[in-house]
Amino acid sequence: MLDRDEGRHTPYMVQPEYRIYEMNKRLQSRTEDSDNLWWDAFATEFFEDDATLTLSFCLEDGPKRYTIGRTLIPRYFSTVFEGGVTDLYYILKHSKESYHNSSITVDCDQCTMVTQHGKPMFTKVCTEGRLILEFTFDDLMRIKTWHFTIRQYRELVPRSILAMHAQDPQVLEQLSKNITRMGLTNFTLNYLRLCVIALFFFHLTCTTNPEIQHRYFKAHARTSQQPPQVVCDGSGGHHRAHKWVHKPERQNQKQGKG
């Protein structure tokens, strides 16, 4: 059909949030046999060729910010499942949409990333924050930029498991320990750190000038003290019928400044 104001062809599209629902369904169709080709196809379906994915959060040593390019996005999602996750989906509430000439921006201040963990123990993790997405304004409606700012997270275990081990202090102590950091598994955090190191060595090997190499070393040293950022190229979930209880609060995070 034609846009009356601009006289141009308006692509037939679904609502941007429905694309997240479709992405949730695709993630739920993943199996243990899903290989790199499956993840590449997943990223191709939902992300533009030049897409970037950014995560911002605060750990014990301060705020962190990681940005990875399109070629590393498939591996990012696969690391989530390698860390013991069996199910992953996103819930968007009260999101706001804004339309531009070639893109659509979705700003959701109440986004929840839900992960079901099968190991080391059965746990449901709800990671809450703000998700800003930029979609292409065309038939494919793929994601150009993804920025998830994590504010807080909750780890929940079924009451039935607590009741089963009510008389075992050692098991209860183990259940009270967090299995993620700001809702992210160690596999995912280690992958993001590797991206920082890979980018550093990529820049280092691109030049033989000692002065420029020294600058890269100094820049790399600064990133160990400041929030790292790396740009590399190299709610439709099924809810389980469990009653969940929140793990005891543990003071293991320091709020970063800014």
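A quick note: this is a predicted structure, and the numbers were derived from the prediction, not measured.

S.K.: Describe in detail unusual backbone geometry, supporting the description with residues and values.
M.R.: Positive phi is not limited to glycine here, since H94 has a value of about 55°. Given a relative accessible area of 66%, H94 falls into the exposed group. One non-glycine residue, M182, lies in positive phi territory at about 55°. By the secondary structure assignment, M182 is in the loop between α5 (169-175) and α6 (186-205). Of the residues examined, M182 reaches a relative accessible area of 6% and is grouped as buried.

S.K.: Before we move on, could you go through the side chain of E128 and cite the residues and values that matter?
M.R.: Mapped onto the elements of the fold, E128 is located in strand β6 (residues 123-136). Polar side-chain contacts of E128 include one of 2.6 Å to the side chain of Q152.

S.K.: Before we move on, can you summarise the pairing of strand β5 (residues 103-117) with the specific residues and values?
M.R.: Here β5 lies mainly inside the structure; twelve of its 15 residues are buried. Looking at chain direction, strand β3 (residues 85-93) and β5 are connected through eight bridges and run antiparallel. Across the sheet, residue Y89 finds its bridge partner in β5, namely V114. With four bridges connecting them, strand β4 (residues 96-99) and β5 associate as antiparallel partners. Its bridge partner being in β5, S98 is matched across the sheet by T105. Between β4 and the antiparallel strand that follows it, β5, lie three residues. In the sheet, β5 pairs with β6 via 13 bridges, with the strands oriented antiparallel.

S.K.: How would you sum up helix α2 (residues 36-46)? Please name residues and give values.
M.R.: Every buried residue belonging to α2 is among W39, F42, A43 and F46, and all of these are buried. Seen end-on, α2 carries its buried residues on one side only, within an arc spanning 95°. Packing partners of the buried residues in α2 comprise α1 (16-28), β1 (47-59), α3 (73-82) and β7 (143-158). Its side-chain oxygen 3.2 Å from the backbone nitrogen of L37, D35 forms the N-cap of α2.

S.K.: Give me the lowdown on the pairing of β1, citing residues and values where you can.
M.R.: With ten of its 13 residues buried, β1 lies for the most part within the structure. With six bridges connecting them, β1 and β7 associate as parallel partners. Of the residues in β7, the one forming a bridge with S56 is T149. Two elements, β1 and strand β2 (residues 62-69), share eight bridges in a ladder whose sense is antiparallel. Paired with S56 across the two strands is R65, which belongs to β2. Linking β1 back to β2 in an antiparallel pair, the connection comprises two residues.

Calculation notes
Residues numbered from 1 in each chain as written. Predicted model: local features only at pLDDT ≥ 70, side-chain atom pairs only at ≥ 80, totals over all residues. Heavy atoms only, no water. Buried < 20%, exposed > 50% of the residue type's maximum accessible area, 1.4 Å probe, protein only. Helix = DSSP H or I, 4+ residues; strand = E, 2+ residues; numbered from the N terminus. Polar contact = N/O pair within 3.5 Å; in protein donor to acceptor, adjacent residues only side chain to side chain. Pairing = 2+ DSSP bridges. Arc of directions from axis to C-beta. Contact = heavy atoms within 4.5 Å.

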